[in-house]
Amino acid sequence: MEAMNTSGMSLDHALMIIAGEAAQQVGVYLRNAFRAPLEVFLKAGIHDPVTIHDRYVEARLQYLLGSAVPGSRILGEETGEHVLEKEKVAAAGALTLEQVQRASWEGSPRPGVEPILIDEFAWEQAIAEQREDAPGAGELAEAQELVKDLGKRVRWIVDPIDGTANFASGVSYFNTSIGVELDGKPVAGVIYVPYTRELFIADSQKATLYERERATEMHADNAHAENEGIITGYFPFRDQDPRRVEKSWQLASRLANAYATVHSPGAGALDLAQVAAGHTAVAFGTAMRPWDVAAGIHLVRVAGGQVHTYETPRNREDPEHLRGAFVASSRDLDPVTARAAVEQFLRSFR
């Protein structure tokens, strides 16, 4: 029998606080690492880079989230899905940057090239007690007490660095993204931008943007007509199938004629957060992964925006709120051209 909750805090709010704290903690590290010398490795190819920082940050998130909710589950970009068992959490917490770097080099040897030596990070710089004014820090102890026994009912969907190519190139449009499920349903979303210290955060009822000491409730207010708004999104402009590339450029041209500006800034989660905050009108994707959209789709919906997702062969096993083919828009906009373009693209290559 489930224990009665005598706290005034809801479970979704508590999980949001814990995810927000974890994202801000690793954000301290990412600010320290940003624009420092680093090695870039490749996963699927030259357009899919990864750094030791992606792997190190995901391990730290495993430690922070697994310590807060032992036995919870995580779906991460770098390590896939697994249960945060006690031994695994302890190992993640003990992992050093040197170990991550060594494993990366052993997996991607490059003859004649020496690794860049990186100093170990002192995580004491990032602990909550030294950041008393950080959003959510005052509620953290209560939140941890409330959710500590939820175990596998909780799943964290994590992208340690959304926008790795930007991060690796010294472009500040990158973030850490954490979506939270309870009993399979989305209940919280957190997107933290280390460089600007913007925290986009939502439980099940309210979405808020924190800009250091300023807090603004998000309502997805932006353009009322397509030609008034900015659209962000991604078609596969590089592909082995020339028909797909040609179709991408055709549809991008159609969007350029319909909207005030078309951007592809390189971080899908943050694009969704901008729609939730009312900074942009539309964000779309055709083949993103669950960790790219888990937090962002939740933010847009809680902020009052609209999100339409599409089932594709790639995502049909994913729940609707994790489908990476989508069009998200501000609350009073009918993104008819964007929806038609995405639908036509997906229909052409089923």
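Here, the structure is the one placed above.
Quick notes on the rules
- Residues numbered from 1 in each chain as written.
- Predicted model: local features only at pLDDT ≥ 70, side-chain atom pairs only at ≥ 80, totals over all residues.
- Heavy atoms only, no water.
- Pairing = 2+ DSSP bridges.
- Helix = DSSP H or I, 4+ residues; strand = E, 2+ residues; numbered from the N terminus.
- Axes fitted to C-alpha atoms, helices over the stretch in contact; angles between N-to-C directions.
- Buried < 20%, exposed > 50% of the residue type's maximum accessible area, 1.4 Å probe, protein only.
- Parallel < 35°, antiparallel > 145°, perpendicular 65-115°, else oblique.
- Contact = heavy atoms within 4.5 Å.
- Nonpolar A, V, L, I, M, F, W, Y, C, P; charged D, E, K, R; others polar.

Visitor: How do you make sense of the sheet that holds strand β10 (residues 214-217) when you look at a structure like this?
Guide: The pairing of strands in a sheet happens through backbone hydrogen bonds and is either parallel or antiparallel. In spatial order, the strands read β4-β3-β5-β6-β7-β8-β9-β10; together these 8 strands make up an open sheet with mixed pairing. The open sheet terminates on both sides in strands that have one partner only, identified here as β4 (80-83) and β10. In this sheet, neighbouring strand axes are inclined to one another by 15° on average, regardless of whether the strands run parallel or antiparallel. When strand β3 (residues 73-76) meets β4, the two strands line up antiparallel, connected through 4 bridges. From the neighbouring strand, L75 faces β4, where its bridge partner is E81.

Visitor: Explanation requested: the pairing of strand β8 (residues 198-202) in the structure shown.
Guide: A regular strand places its side chains on the two faces of the sheet in alternate fashion. Buried residues dominate β8, accounting for 5 of its 5 residues. Along β8, one buried face is formed by E198, F200 and A202 and the opposite face, lined by L199 and I201, is buried too. Where strand β7 (residues 185-193) meets β8, 5 bridges bridge the pair, whose relative direction is antiparallel. In the sheet register, V190 faces β8, and the bridge partner there is I201. Here β8 runs beside strand β9 (residues 207-211); their pairing, made up of 5 bridges, is antiparallel. Directly across from A202, in β9, lies its bridge partner A207.

Visitor: So what exactly am I meant to see when it comes to the packing of helix α8 (residues 268-277) against helix α9 (residues 290-302) here?
Guide: Angle between the axes and distance between the axes: these two values describe a pair of packed helices. Two elements in contact, α8 and α9, have axes separated by 8 Å at closest approach and are oriented at 5°. Comparing the axis directions of α8 and α9 gives the class roughly parallel. Taken together, the residues of α9 that come into contact with α8 (itself represented by G268, A269, L272, A273, V275 and A276) are D292, V293, G296, I297, L299 and V300. For the contact of α8 with α9, the per-class residue count stands at 9 nonpolar, 2 polar and 1 charged.

Visitor: I would appreciate a short explanation of the pairing of strand β15 (residues 324-329) in the present structure.
Guide: Taken across its 6 residues, β15 has 6 buried, putting it largely inside the fold. Side chains G324, F326 and A328 of β15 all project onto a buried face; the interleaved residues A325, V327 and S329 project onto the opposite face, where all are buried too. Across 5 bridges, strand β13 (residues 282-288) lies against β15 in antiparallel orientation. Counterpart to A283 in the pairing with β15 is A328. As defined by bridge partners, strand β14 (residues 306-309) adjoins β15 across 4 bridges and the pair is classed as antiparallel. Note that in β15 the partner of V307 across the bridge is A328.

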